[in-house]
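# An overview of the molecular structure
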Amino acid sequence: MAVTSKRSATRCVEGSIPIVALAGGVGGAKLVQGLASVLPAQDLTVVVNTGDDEVFHGLYISPDLDTVMYSLAGLANRETGWGVAGDTFSALGMLKRYGAVGTWFNLGDKDLATHLERTRLLREGWTLSQATAHLCEKLGIQVSLVPMSDQPVRTVVETEEGVLPFQEYFVKHQCRPRVKRVRFEGAKTARISSSLEPAFRKAKALVMCPSNPIVSIGPILAVPNVRSRLDGFKGLRLAVSPIVAGQALRGPAAKMLQELGEEVSCVGVARRLREVCDIFVIDMLDSDRQQEIQALGLDMVVLDTVMNSDEDKARLARQILQVLRDRLA
Ligand code: GDP
Ligand code: CA
C-alpha cells in the first residue's frame, strides 16, 4: 500500500483530525461514541449502513442509523444493543392482539415514535439524510450522522432455507440458516448521500469501525460512488477488526464468514478490507497474527479494541487518533 505518498499528501495541524467513519450498528456505534467524545463535532461525520432498513407496520425503520443515533444521544439500550433503554412494548402487544404481520420484529414504544416521525418526514418528501439530520438535531446530537445513500439498498441473504430479507434472517430466524451468498439489492444504482460530499473532501482520515464486514461495511462498499470515494481517498484509511481471537463479540459475523468460506479471524477481515484500507487495527489478543496482516501490505497496529465501557470507547478513539496523527505528521 502506498502509505508513504498518502502521508505526504495530507498534513494535519496539532490536535483534531477531520474524520469520516463508516459504521453499522452495535460495534460501529461503540467506536463512533468514542470518537464523538474526543473529536470536535465538526470533525466527525459518520456514514451508516442502510442495508438493514425495512418497513414494518407501514413505518420506515433504519436499525443501524437508530443504534448509532441512540448511542450518541445516550438513549441506547446497552443490554440488547438495539432500541431505547427502559422502553416499554405496549404498542407491540396491541399489534400482536390484532394479529398484525411482522410482530416478530421488536419495536419499543419510544422507538416507534422515531419511526413514526421519520416516516412522516419521508412521506413529506424529505430525504433519509434530511430526516436523520432532523431527528439527530432534536436529540441534541452534534456530529453528522448520514445514511450511506438516500436510495434504497436492501441486504438479502441467500441461505440454504431460501432467500431472506436481512431482518428475516437476522431477527426472525436469528441467523440460524446457513448462508450461501449475500447481496445488496439496489446498491449498483444507489448514489452517495450528497451531504457526504463535503465531509469526504475535508476528511484527513477514514475510520472503518469494528462492524460486521459482510452485512454492515459490505453494503456501504457496494454503493459504487461511495466505494470510489474510498478508493480515491487522499488521506489515511484505517479499519478496526470486529473479529477478536477468532470470534465475533456479538452477532453473526463469525458464522457468516465461516459459511462463506472465509477465515474467521482478524486476518480474514483484513483480506476482505485490504483494498480500501491502509492501516489495520487488530486486538491485543491477536498479536500473533501481526506478520500475516503485514504480509497483506497493510500497516498494522495492535490495540486493546474491546469496548465494554464508555472509558474503553474513548480510550480506543484516542489511541486511533494518535496512530493517525503520528502517520500524518
Ligand atoms: P450490528 O449492525 O448491530 O450487527 O453491528 P455492527 O455490524 O456495527 O457490529 C457487529 C460487530 O461488532 C461484530 O462483528 C462484533 O464482533 C463487533 N464488536 C462489537 N463490540 C466490539 C468491541 O468492543 N470491539 C471490537 N473490536 N469489535 C466489536
Ligand atoms: Ca446492522
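Note: the structure precedes this text.
So, here is what we can say about the structure in this document.

Here the focus is the coordination of the calcium ion (ligand 2). Looking at the calcium ion (ligand 2), the protein donor atoms are Asp 52 (OD), Asp 64 (OD) and Asp 64 (OD), and they sit 2.1 to 2.7 Å from it. Taken together, the residues Asp 52 in the loop between β2 (44–48) and β3 (54–56) and Asp 64 in helix α3 (residues 63–72) connect sequence positions twelve residues apart. Grouping residues by exposure puts Asp 52 and Asp 64 together as buried.

With their axes 9 Å apart at the nearest point, helix α2 (residues 26–38) and α3 run at an angle of 35° to one another. The interaxial crossing formed by α2 with α3 has right-handed handedness. In this structure, α2 uses Val 26, Ala 29, Val 32, Gln 33 and Ala 36 to contact α3, whose residues at the interface are Thr 67, Val 68, Ser 71 and Leu 72. Looking at the contact of α2 with α3 residue by residue, the class counts come to six nonpolar, three polar and no charged.

Judged by nonpolar contacts, the single largest core of 52 residues is most densely connected at Leu 22, Phe 200, Phe 280 and Ile 293. When near neighbours in sequence (up to four residues on either side) are disregarded, Ile 293 contacts Cys 266, Val 267, Ala 270, Phe 280, Ile 282, Leu 298 and Met 300. Grouped together as the second largest cluster of nonpolar side chains are 42 residues, Ala 21, Leu 65, Val 68 and Ala 317 included.

Parameters and conventions
- Residues numbered from 1 in each chain as written.
- Chains lettered and ligands numbered in written order.
- Predicted model: local features only at pLDDT ≥ 70, side-chain atom pairs only at ≥ 80, totals over all residues.
- Heavy atoms only, no water.
- Donors = N, O, S within 2.8 Å, 3.2 Å for Na, K, Ca; no water.
- Helix = DSSP H or I, 4+ residues; strand = E, 2+ residues; numbered from the N terminus.
- Buried < 20%, exposed > 50% of the residue type's maximum accessible area, 1.4 Å probe, protein only.
- Axes fitted to C-alpha atoms, helices over the stretch in contact; angles between N-to-C directions.
- Left-handed = near helix turned anticlockwise from the far one by under 90°.
- Contact = heavy atoms within 4.5 Å.
- Nonpolar A, V, L, I, M, F, W, Y, C, P; charged D, E, K, R; others polar.
- Core = buried A, V, L, I, M, F, W, Y, C linked by side-chain atoms within 4.5 Å.

In short, the description is geometric, and any link to function would need to be established separately.
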